[in-house]
Amino acid sequence: MGKLHIDYLDSGQLYVCGICKAHLTDHKELISKDFWAGTGKAYLYNKVINVYSGILEERMLRTGLHSCCDIFCKSCENKLGWKYVWALEPEQKYKEGKFILEKNLIEKAEWDL
Ligand SMILES: [Zn+2]
């Protein structure tokens, strides 16, 4: 492992790691709140920072075959959700390269800059 480098977002509406509060993504990157994970509700985002990916796995989901990898906080190594790498069904292709964060594992942080 190299030197741990945590990035910061310059935004008034952030989602952060529920454990260590590392910045993860901006409210502007939110695509959908209509997802579910093992821990409850989950959100789909365009871009997430300060995470690393686990092993690529094929998963048969309600919406067909996908390949996904779990994502973990780069700072505290807590699992935060997963990344869609590939989707079989054409109508699910929009999820490729996008990130799921589980609502119960993250926090919303808002402040005035
Ligand atoms: Zn963390």
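Each remark here, short or long, concerns the structure printed above.
Residues numbered from 1 in each chain as written. Predicted model: local features only at pLDDT ≥ 70, side-chain atom pairs only at ≥ 80, totals over all residues. Heavy atoms only, no water.

A negative phi angle is the norm for most residues apart from glycine, just as the trans form is the norm for most peptide bonds. Positive phi, close to 60°, is recorded for Asn50, a residue that is not glycine. Looking at the secondary structure, you find Asn50 in the loop between β4 (40–45) and β5 (51–61). Residues other than glycine seldom take positive phi values, yet Glu77 does so here, at roughly 70°. Along the chain, Glu77 falls in the loop between β6 (64–73) and β7 (79–87). (Helix = DSSP H or I, 4+ residues; strand = E, 2+ residues; numbered from the N terminus.)

What follows concerns the pairing of β7. When a strand is regular, its side chains alternate between the sheet's two faces. Relative to β7, β6 runs antiparallel, the two being bridged by seven bridges. Residue pairing in the sheet places Ile71 in a bridge with Gly81 of β7. A loop of five residues connects β6 with β7, the two strands running antiparallel in sequence, and Glu77 in this loop sits at a positive phi of about 70°. Note that β7 and strand β8 (residues 99–102) share three bridges and pair antiparallel. Following the sheet pairing, Gly81 is matched in β8 by Leu101. (Pairing = 2+ DSSP bridges.)

One finds Leu24, Tyr45, Val48, Val51, Leu80, Leu101 and Ile106 to be the most contacted residues of the largest nonpolar core, which totals 16 residues. Of all the secondary structure elements, the ones that give two or more residues to this core are β1 (13–17), β4, β6 and β8. Dropping the residues within four chain positions of it, Leu101 is found in contact with Leu24, Thr25, Ala42, Tyr43, Tyr45, Val48, Ile71, Leu80 and Ile106. With eight residues, the next largest nonpolar core counts Phe35, Ala42, Leu44 and Tyr84 among its residues. (Core = buried A, V, L, I, M, F, W, Y, C linked by side-chain atoms within 4.5 Å. Buried < 20%, exposed > 50% of the residue type's maximum accessible area, 1.4 Å probe, protein only. Contact = heavy atoms within 4.5 Å.)

Within the secondary structure, Gly54 sits in strand β5. Judged by relative accessible area, which is 28%, Gly54 ranks as partly exposed. Separated by ten residues in sequence, Gly54 and Leu44 place their C-alpha atoms 18 Å apart. If we ignore the near neighbours within four places in the chain, the residues touching Gly54 are Cys69, Asp70 and Phe72.

Surrounding the zinc ion are the protein donor atoms Cys17 (SG), Cys20 (SG), Cys73 (SG) and Cys76 (SG), which sit 2.3 Å from the metal. What the four donor atoms of the zinc ion show is an angle range of 102 to 117° at the metal, which sorts the shape as tetrahedral. Here the donor residues of the zinc ion are spaced in sequence according to C-x2-C-x52-C-x2-C. With Cys17 in strand β1 and Cys73 in strand β6, this pair connects stretches of sequence that are 56 residues apart. Under the relative-accessibility criterion, Cys73 is labelled buried at 0%. (Donors = N, O, S within 2.8 Å, 3.2 Å for Na, K, Ca; no water. Tetrahedral: all angles 85-135°; square planar, octahedral: opposite > 155°, others 65-115°.)

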